[in-house]
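# Residue-level structural notes
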Amino acid sequence: MIAGSKDLGADDIRRLLHKLDDVLTERSQSAVLYVVGGANMALAVSDRRSTTDVDAHWDKVWVAQ
């Protein structure tokens, strides 16, 4: 764990993903993002799980022209 890092629960992860969506929308971009690891478990399996990071893989990023 990184000093000063915070455990992220499902609500925190959703908030961060919404913030990412807002930033991409402002830039007229979109992406396909696959959330994996502990963050995926927190979102898909149990709202009680937490993680200190969000592991993800993106497949494509589109820029509106």
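Residues numbered from 1 in each chain as written. Predicted model: local features only at pLDDT ≥ 70, side-chain atom pairs only at ≥ 80, totals over all residues. Heavy atoms only, no water.

## Comments concerning helix α1 (residues 10–26)
Under the 1.5 Å per step criterion, the end-to-end length of α1 is 24 Å for 17 residues, consistent within 8% with the ideal 24 Å. Buried within α1 we find Ala10, Asp12, Ile13 and Leu24. In a view along the axis of α1, the buried residues occupy a sector of 160 degrees, so they form one face of it. Across from the buried face of α1, at angles greater than 90 degrees, the exposed residues are Asp11, His18, Lys19, Thr25 and Glu26. Structurally, α1 contributes buried residues whose contacts are with β1 (29–36) and α2 (37–44). Positive phi shows up at Ser28, right after α1, with a value of about 55 degrees. (Helix = DSSP H or I, 4+ residues; strand = E, 2+ residues; numbered from the N terminus. Expected span 1.5 Å × (residues − 1). Buried < 20%, exposed > 50% of the residue type's maximum accessible area, 1.4 Å probe, protein only. Arc of directions from axis to C-beta. Contact = heavy atoms within 4.5 Å.)

## Regarding the packing of α1 against α2
Close contact between α1 and α2 brings their axes to 9 Å; oriented N to C, the two are set at 110 degrees. When the axes of α1 and α2 are compared, the pair comes out roughly perpendicular. Judged by residue contacts, Ala10, Ile13, Arg14 and Leu17 of α1 engage Ala39, Ala42 and Leu43 from α2. Among the residues forming the contact of α1 with α2, the class breakdown is 6 nonpolar, no polar and 1 charged. (Axes fitted to C-alpha atoms, helices over the stretch in contact; angles between N-to-C directions. Parallel < 35°, antiparallel > 145°, perpendicular 65-115°, else oblique. Nonpolar A, V, L, I, M, F, W, Y, C, P; charged D, E, K, R; others polar.)

Everything listed is a geometric property; what it means functionally is a separate question.
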